[in-house]
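Here are the chains, one letter per residue:
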Amino acid sequence: MSDLGSGTGLIPGRVEEVAEGVRAAKILVVDDMPLMRTMIGACLKKGGFSNIRYAADGAEALSFVEKELPDLLVLDLNMPKVSGYEVCRTLRARPETANLPILVQSASETAEERVQVFASGATDFVSKPINQPELLARVCMHLDNRFLINSLSNFQSRIQAELTMAREMQHSLLPDQKAVTSLEEFCGSTIEAFYKASFELGGDLWGCWPIGADRVGIFVLDISGHGVSAALNTFRVHATMARFEAFRENPADFLGLLNTALQPAFPLGQFATMFYAVLNFRSGELVYAGAGAPRPFVLSAGGDIRLLDSSGTPVGIIKSATYENQYDRLDEGESLFCYSDVLTEAPGADGKFMAEEGLVDFVAGCEREGPRVTLVERLLDRFYHLVPKELPDDLTAVAIHRSPDFASLSPDAKRGRFTFQSRREAKKAATRLAAASTDPIGTAVGLMELFVNAIEHGCLGIGHDEKGKLLEAGELNTEISRRRAMPAYASNYVNVEFSRDDDALRIIIKDPGLGFDHRTFVTADAAHGKKHGRGITMAKNCFDELTYHGVGNEVHVVHSIARD
């Protein structure tokens, strides 16, 4: 036998060297011979162990383990009722005992028996008759290993819990949906945002805020590196930005102040790339400054893409860095798209990077596949199909889609369109369109009735009678959520086209449904006593004209502009 005692610090007669934790370990001795149980117990006690339990056969051992988990088993192989082999196999099949040290005692040391023993799940052999130094050395070695593995496992669990907490704290720095919705209502535009942390802690951050009565600020930044230091720098940047709220209207000054404050605090070699823009949502003026971030895209209403200059010294490298404001426009129907560099640097299935040129083509292709207001959603869905594995860095993608500002419509003719598939989006569209009428409340009510019908019936295929049953069962909202997640309905949208001139606001609502018998609801005697279905009749009374076309999945309404 090899000298196994050298690895544990155990020398016969020096039991004080057995670690306190090992000495307190619970050891279960399993043998059908009382004399062998007594001899093994005496050897263990002489070695400094006192927490020793006994079982007379395999069945008793399994029953004991179920009630009270030991730290180690000393197990005889040949026993009545349940053999040592079966005990090993049973314990290894249970998750809670899969790694329990099991020392089997055997008088035979043939290669065949060793293969059979280890195949059943035993950890190690001890010779029979018992050799005290060997038994104590092997017991100490495996207990040391067990406690070390448990300690490392607990440490890993604690670290994972702390990393999870750090990710959650980092995520809390991002604007929540309530803040985004409030800003959308403030600026009359749609904001799409996506953030996903990498398998390591990263340093991406984005944010937006109102400025005065007619502007919004939006930024995307990326802290260099990964891990705890990048996360700490993200918190540091976020706290520092709050100090310079009064300077948010000027992107160059804002970046300059951030750099001056953060450069002394950043460790050597760490920095932040950043893009910050201020959009006047009434005039379309876009003022921005860059600090080495990926170049943002501006998508025209027709789908053409131009890139903005986001070059500049990254924040935190040199204290004397200066930044320059640049100017552009974001016209009605155009979008500003900002992103982190993992979109261009993550290798695809072929191992190649997409790079900036490839991303331009990628975004252009996604833009043609559906409504502008869900561009980021489609883009990321396609991206994760190309790059299905975990990303090495955080991914941030933010877009602001500028819609017409109906509150300031001029007497000149105005045209545009909306695309949506949820009630929340429909409410925004109805509110903005109603602002262009001379009866905002009545127009909004009528439009919402028509929009909800287009969503529920046209996009989700919920018929009139089916909706009635769902309402009575209180399950309509659940069914709407279920169908929206189904592939057959996920890509269905309501399309709304509108125009306004001196005489009228004209709106066309189209859905992809199969239509319905609209005459039941728009004729003079359409009133009925059902709990639902009166919405179309109500909508008809909100407009000067309401007519259905095709199979009933297209409705035209006219609101006449009152003249003084």
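Structure shown above.
The rules behind the values
Residues numbered from 1 in each chain as written. Predicted model: local features only at pLDDT ≥ 70, side-chain atom pairs only at ≥ 80, totals over all residues. Heavy atoms only, no water. Helix = DSSP H or I, 4+ residues; strand = E, 2+ residues; numbered from the N terminus. Buried < 20%, exposed > 50% of the residue type's maximum accessible area, 1.4 Å probe, protein only. Contact = heavy atoms within 4.5 Å. Areas by Shrake-Rupley, 256 points an atom, 1.4 Å probe, with all protein chains shown as cover. Core = buried A, V, L, I, M, F, W, Y, C linked by side-chain atoms within 4.5 Å. Arc of directions from axis to C-beta. Polar contact = N/O pair within 3.5 Å; in protein donor to acceptor, adjacent residues only side chain to side chain. Phe/Tyr/Trp six-rings, centres within 6.5 Å; stacked < 30°, edge-to-face > 60°. Lys NZ or Arg CZ within 6 Å of the ring centre and 35° of its normal. Patch = residues over 30% accessible without salt bridge, like charges linked within 9 Å, V, L, I, M, F, W, Y side chains within 5 Å. Salt bridge = Lys/Arg side-chain N within 4 Å of Asp/Glu carboxyl O. Pairing = 2+ DSSP bridges. Axes fitted to C-alpha atoms, helices over the stretch in contact; angles between N-to-C directions. Parallel < 35°, antiparallel > 145°, perpendicular 65-115°, else oblique. Left-handed = near helix turned anticlockwise from the far one by under 90°. Nonpolar A, V, L, I, M, F, W, Y, C, P; charged D, E, K, R; others polar.

A. Local environment of the overall build of the protein chain. If you tally the helices and strands in the protein chain, you get 19 helices and 20 strands. Out of the 564 residues belonging to the protein chain, those deemed buried represent 49%. Intrachain contacts of the protein chain at a sequence separation of at least 6 include 68% that bridge at least 24 residues. For the protein chain, the accessible area works out to roughly 27,000 Å², and carbon and sulfur atoms hold 54% of it.

B. Representation of the nonpolar core in the model. M241, M274 and L336 are the most contacted members of the largest nonpolar core, which totals 51 residues. For this core, the element with the most residues is strand 9 (residues 272-280), which contributes seven residues. Sequence-distant contacts of M274, defined by excluding residues within four places in its chain, comprise F219, V220, L221, M241, F254, L255, L258, A289, G290, A291, G292 and A293.

C. Quick peek at helix 3 (residues 58-67). What helix 3 keeps buried is the set G58, A61, L62, F64 and V65. The arc enclosing the buried residues of helix 3, seen along the axis, measures out at 160°, which places them on a common side. Away from the buried face of helix 3 by more than 90 degrees, exposed residues E66 and K67 are located. For helix 3, the elements touching its buried residues are strand 1 (27-30), strand 2 (52-55), strand 3 (72-76) and helix 4 (84-92). N-capping of helix 3 is provided by D57, with a side-chain oxygen placed 3.2 Å from the backbone N of A59.

D. Summary view of the packing of aromatic side chains. Here the structure, examined in full by the defined rule, presents 13 aromatic pairs. With a centroid separation of 5.2 Å and 75° between ring planes, the pair formed by F186 and F281 is classed as edge-to-face. With F186 in helix 7 (residues 177-187) and F281 in the loop between strand 9 and strand 10 (285-291), the pair connects residues that are 95 residues apart, well separated along the chain. Aromatic ring contacts, followed pair by pair, group W209, F219, F254 and Y276 into a single cluster. The aromatic ring of W209 is capped on one face by R248, whose charged end is 3.7 Å from the ring centroid.

E. How the structure looks around a nonpolar patch on the surface. A contiguous nonpolar patch, built from I441, V445 and M538 and spanning about 280 Å² of accessible area, is present on the exposed surface. Tracing the chain through its elements places V445 in helix 14 (residues 440-459). We classify V445 as partly exposed; its relative accessible area is 35%.

F. View of the side chain of N259. Within the secondary structure, N259 sits in helix 9 (residues 251-262). Using a relative accessible area of 0% as the deciding quantity, one classes N259 as buried. For N259, the residues in contact, after removing those within four places along its chain, are P314, V315, G316, I317, I318, K319, A321 and Y323.

G. Quick look at helix 5 (residues 111-120). Where helix 5 is concerned, the buried positions are E113, V117 and S120. Projection of helix 5 onto a plane perpendicular to its axis shows the buried side chains occupying an angular sector of 65°, all on one side. In helix 5, the exposed positions that point more than 90 degrees away from the buried face belong to A111, E112, V115 and A119. Considering only its buried residues, helix 5 is in contact with helix 4, strand 4 (102-106) and strand 5 (124-127). One or two steps after helix 5, the chain reaches G121, where phi turns positive at roughly 120°.

H. Structural view of the pattern of salt bridges. Evaluation of the coordinates by the stated rule reveals 23 salt bridges. Ionic pairing is found between E456 and K467, a salt bridge with its closest N-O pair at 2.7 Å. One end of the pair, E456, is in helix 14; the other, K467, is in helix 15 (residues 464-473), and 11 residues separate them in sequence. This pair shows no difference in class: E456 is buried, exactly as K467 is. The partner of E466 in a salt bridge is R483, and the shortest N-O contact between them spans 2.3 Å.

I. Quick peek at the sheet that holds strand 12 (residues 305-307). If you walk across this open sheet you meet the five strands as 6-15-14-11-12, and the pairing is antiparallel. Taken across any chain shown, the strands that pair with only one partner, and hence form the sheet edges, are strand 6 (189-196) and strand 12. Averaged over all neighbouring strand pairs, the angle between strand axes comes to 15°, with direction disregarded. Sheet analysis places strand 11 (residues 297-299) next to strand 12, joined by three bridges and oriented antiparallel. Residue L299 lies in a different strand from strand 12, and its bridge partner there is I305.

J. Fine view of the packing of helix 3 against helix 4. Packing of helix 3 against helix 4 leaves a shortest axis separation of 9 Å and a crossing angle of 20°. Between helix 3 and helix 4, the angle falls in the class roughly parallel. Our pair here, helix 3 against helix 4, has a crossing hand that is right-handed. Between helix 3, through G58, L62 and V65, and helix 4, the contact on the second element is made entirely by V87, T90 and L91.

K. Spatial organisation of the packing of helix 4 against helix 5. Two elements in contact, helix 4 and helix 5, have axes whose closest approach is 8 Å; the angle formed by their N-to-C orientations is 30°. Only E113, Q116, V117 and S120 of helix 5 make contact with helix 4, whose side of the interface consists of Y85, C88, R89 and R92. When its residues are assigned to classes, the contact of helix 4 with helix 5 shows three nonpolar, two polar and three charged.

L. Fine view of the environment of F235. Relative to the assigned elements, F235 resides in helix 8 (residues 227-243). When the C-alpha positions of F235 and G203 are compared, they lie 9.0 Å apart, and in sequence the two are 32 residues distant.

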